[in-house]
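Now for the letters of each chain:
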Amino acid sequence: MAARLAGGAVAAALLLLPAGQAMAQELTAEQLIVGLQGPGTLTVAVDPRALAAEVQANVGKGAAALPTWSKLNSLTQLVVDINFQYDSVAIVPGSYRTIGLIADALHHPLLQRYKFLIVGHTDARGDPGYNLNLSLKRAEAIREALATTFAVAPDRLFAVGVGEELPFDPGNPDAAVNRRVQLVNIGPVD
C-alpha cells in the first residue's frame, strides 16, 4: 500500500499525518498500527457530539479555527482515501481492501484499547449544507462497514462529517484531494 506524508496530491490509499513533509512511502501493517497508537496519555478531550454541533452551527464558514475542531490537529490520525460512488454513500468495492487493512490494525492488541473518530470530508462543489450531510453519511458508512463486515466494536467508532469546511488543499477547494476520510485516535475506551 502506498502512502504520502501529508502534502501533495492524493494518489495513494493512506496519508500519514501530521503535515510538513511530502514524500511517498510504502506502509506496512506494523507502521499502520504504530502510527495509530497515539500518545500514552491524551492531553485533549474530544467529544464527537460537540464536533458535530460546532460544524453544523458554522456551515459555510470553515471549521479550522473552531475551538473543538482545532484540538484534532494534536491527535494521532491517518487520512484515508476511500472511494464512493458519485453523490452516494455506496463504498466502491475496491476501497474495501483499505477498510480491511484499517480493521486489521484496529483489531491489533496495541490498538484495541483505543476509540477512533471517523471524519468525512468533501470538496467544495455543491451546497455546503448538502456536502456536510453527505460527508456525515459517508463517515457513517465506513463506521458501519468496520463494525459489521470487519467486526470492530461499534462503541470504539464515532462518525462525524465536516463537509467542505476543512479542505486539505484550501487553495484549491474543488480538488479531489479534499474528498477524504480522517481516522483519529481519540483516546482509550472508557
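Anything mentioned here points back to the structure above.
First, a word on what this report is: a plain description of the structure on this page. (Residues numbered from 1 in each chain as written. Predicted model: local features only at pLDDT ≥ 70, side-chain atom pairs only at ≥ 80, totals over all residues. Heavy atoms only, no water.)

## Things to note about the pairing of strand β7 (residues 181–188)
- Summarising burial for β7: 7 of the 8 residues are buried, a large majority.
- Bridge count for strand β4 (residues 77–80) against β7 is 4 bridges, and the pairing is antiparallel. Counterpart to Gln77 in the pairing with β7 is Val184.
- Bridge count between strand β5 (residues 114–121) and β7: 6 bridges; the pairing is antiparallel. The residue bridging Phe116 from the neighbouring strand is Asn185, located in β7. (Buried < 20%, exposed > 50% of the residue type's maximum accessible area, 1.4 Å probe, protein only. Helix = DSSP H or I, 4+ residues; strand = E, 2+ residues; numbered from the N terminus. Pairing = 2+ DSSP bridges.)

## Focus: empty space enclosed by the protein
- Inspection of the entire model under this criterion finds 2 cavities of 30 Å³ or more.
- Approximately 60 Å³ is the volume attributed to the largest cavity.
- If you go around the largest cavity, the residues you meet are Val80, Ile82, Ile99, Ile102, Ile118, Ile142, Leu146, Val181 and Leu183.
- Where the lining of the largest cavity is concerned, the elements lending two or more residues are α4 (96–107), α5 (128–148) and β7.
- Of the residues that constitute the lining of the largest cavity, the class distribution is 9 nonpolar, no polar and no charged. (1 Å grid on protein atoms, 1.4 Å probe; cavity = no way out; pocket = protein on both sides within 12 Å on 5 of 7 lines; lining within 4 Å. Points joined across faces, edges and corners; volume = space filled by probe spheres on them. Nonpolar A, V, L, I, M, F, W, Y, C, P; charged D, E, K, R; others polar.)

## Things to note about the pairing of β5
- Here β5 lies mainly inside the structure; 8 of its 8 residues are buried.
- Along β5, one buried face is formed by Tyr114, Phe116, Ile118 and Gly120 and the opposite face, lined by Lys115, Leu117, Val119 and His121, is buried too.
- With 6 bridges connecting them, β5 and strand β6 (residues 157–163) associate as parallel partners. Along β6, the bridge assignment pairs Ile118 with Ala159.
- Chirality of the crossover, the property in question, places the unit of β5, α5 and β6 among those that are right-handed. (Right-handed = clockwise from strand over helix to strand, strands pointing away.)

## Looking at the pattern of salt bridges
- Applying the stated criterion to the full structure yields 3 salt bridges.
- For Arg49, the salt bridge goes to Asp47, with nearest N and O atoms at 3.8 Å.
- The partner of Arg125 in a salt bridge is Asp123, with the nearest N and O atoms 4.0 Å apart.
- Relative accessible area serves as the criterion here: at 52%, Arg125 is assigned to the exposed category.
- With a relative accessible area of 6%, Asp123 lands in the buried category.
- What you see here is one network of salt bridges that share partners, running through Asp123, Arg125 and Arg179. (Salt bridge = Lys/Arg side-chain N within 4 Å of Asp/Glu carboxyl O.)

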